[in-house]
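In case you want the letters, here they are:
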Amino acid sequence: MLALSSQGHVLLQIGVALLLAICFEGFFVQKLRSPRMGLSVHTLATFEALLFLAFGLMWPTLKLTGLGASLAFWLFVYSAFATLVPYVLAAVWGAGGSTMSLAAGSARGSDLQESAIKVVLYSAAPTGIVAFALVFWGLRG
């Protein structure tokens, strides 16, 4: 189990890595099968990078046990990437219309692609809720 300060450092590293990835992804938005979804990837990844940086800075101040901190850490990381990866897949595949209709517009992939996007994306919500609840608990005075 990583200490809170080590977990915070890893969150900062992930945040900076996402910012770097966003810089390169911006060059390819127009070349994706769904450029509109590619722009959503760009925006979402920027938000998530900032969230990782904010969490990384506050993480060492959380009042959580080792198990609670590890659970919050891994659920947060999973939730963030389980949100981002389906958007990336939808942009590359030109899919996502059944789940993310505002971002995907009329883009629609095969039934398998749409199902894969839906399963991974829907798994992000419960894990994110538990992670945020643990972080909220860890911020108690």
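Quick look at the structure, then. No experiment lies behind these values; they were computed from the predicted model shown. (Residues numbered from 1 in each chain as written. Predicted model: local features only at pLDDT ≥ 70, side-chain atom pairs only at ≥ 80, totals over all residues. Heavy atoms only, no water.)

1. Quick word on the overall build of the protein
Here is step 1 of the chain: Across its full length, the protein holds five helices and zero strands.
Here is step 2 of the chain: The order of α-helices and β-strands along the protein, N terminus first, is α-α-α-α-α.
Here is step 3 of the chain: For the protein, the spread of C-alpha atoms along the three principal axes comes to 50 × 30 × 25 Å.
Here is step 4 of the chain: Taken across its 141 residues, the protein has 46% of its residues classed as buried.
Here is step 5 of the chain: Within the protein, counting contacts between residues at least 6 apart in sequence, those at least 24 apart form 70% of the total.
Here is step 6 of the chain: Only carbon and sulfur atoms are counted for the fraction: they give 74% of the accessible area of the protein, which is about 7,700 Å².
Here is step 7 of the chain: Within the protein, the 4 negative side-chain charges are centred at a point lying 7 Å from the centre of the 7 positive side-chain charges. (Helix = DSSP H or I, 4+ residues; strand = E, 2+ residues; numbered from the N terminus. Buried < 20%, exposed > 50% of the residue type's maximum accessible area, 1.4 Å probe, protein only. Contact = heavy atoms within 4.5 Å. Areas by Shrake-Rupley, 256 points an atom, 1.4 Å probe, with all protein chains shown as cover. Lys, Arg positive; Asp, Glu negative; His and termini not counted. Charge placed at Lys NZ, Arg CZ, Asp CG, Glu CD.)

2. Focus on a nonpolar patch on the surface
Here is step 1 of the chain: A contiguous nonpolar surface patch, about 480 Å² in accessible area, is contributed by Leu20, Phe24, Phe27 and Phe28.
Here is step 2 of the chain: Mapped onto the secondary structure, phenylalanine 27 falls in the loop between helix H1 (4–25) and helix H2 (35–58).
Here is step 3 of the chain: The class for phenylalanine 27 is exposed, based on a relative accessible area of 64%. (Patch = residues over 30% accessible without salt bridge, like charges linked within 9 Å, V, L, I, M, F, W, Y side chains within 5 Å. Salt bridge = Lys/Arg side-chain N within 4 Å of Asp/Glu carboxyl O.)

3. Things to note about the nonpolar core
Here is step 1 of the chain: Core analysis: the largest hydrophobic core is formed by 38 residues, its most contacted members being Leu11, Met37, Phe52, Phe55, Trp59 and Tyr87.
Here is step 2 of the chain: At the level of elements, H1, H2, helix H3 (66–93), helix H4 (101–104) and helix H5 (111–138) are the ones that each hand at least two residues to this core.
Here is step 3 of the chain: Examining the composition of this core, we find that 11 residues originate from one element, H3, more than from any other. (Core = buried A, V, L, I, M, F, W, Y, C linked by side-chain atoms within 4.5 Å.)

4. What about the pattern of salt bridges?
Side chains that carry opposite charge are capable of pairing whenever their charged atoms lie near each other.
Here is step 1 of the chain: Within this structure, the stated rule accounts for two salt bridges.
Here is step 2 of the chain: One salt bridge connects arginine 108 with glutamate 114, and the closest N-O pair in it is separated by 3.6 Å.
Here is step 3 of the chain: Judged by its relative accessible area of 3%, glutamate 114 falls in the buried class.
Here is step 4 of the chain: Residues joined by salt bridges that share partners form a network here, namely Arg108, Asp111 and Glu114.

5. Thoughts on the environment of phenylalanine 52
Here is step 1 of the chain: Its location among the elements puts phenylalanine 52 in helix H2.
Here is step 2 of the chain: The exposure class assigned to phenylalanine 52 is buried, which follows from its relative accessible area of 0%.
Here is step 3 of the chain: Setting aside its immediate chain neighbours within four residues, phenylalanine 52 contacts Leu11, Leu12, Ile14, Gly15, Leu18, Phe76, Val77, Ala80 and Phe81.

6. Quick look at the packing of H3 against H5
Here is step 1 of the chain: Here H3 crosses H5 at 155 degrees, and the two axes come no closer than 7 Å. By the angle class used here, H3 and H5 are roughly antiparallel. Like other packed secondary-structure pairs, H3 and H5 cross with a definite hand, here left-handed.
Here is step 2 of the chain: Here the contact of H3 with H5 is composed, by residue class, of 19 nonpolar, seven polar and no charged. (Axes fitted to C-alpha atoms, helices over the stretch in contact; angles between N-to-C directions. Parallel < 35°, antiparallel > 145°, perpendicular 65-115°, else oblique. Left-handed = near helix turned anticlockwise from the far one by under 90°. Nonpolar A, V, L, I, M, F, W, Y, C, P; charged D, E, K, R; others polar.)

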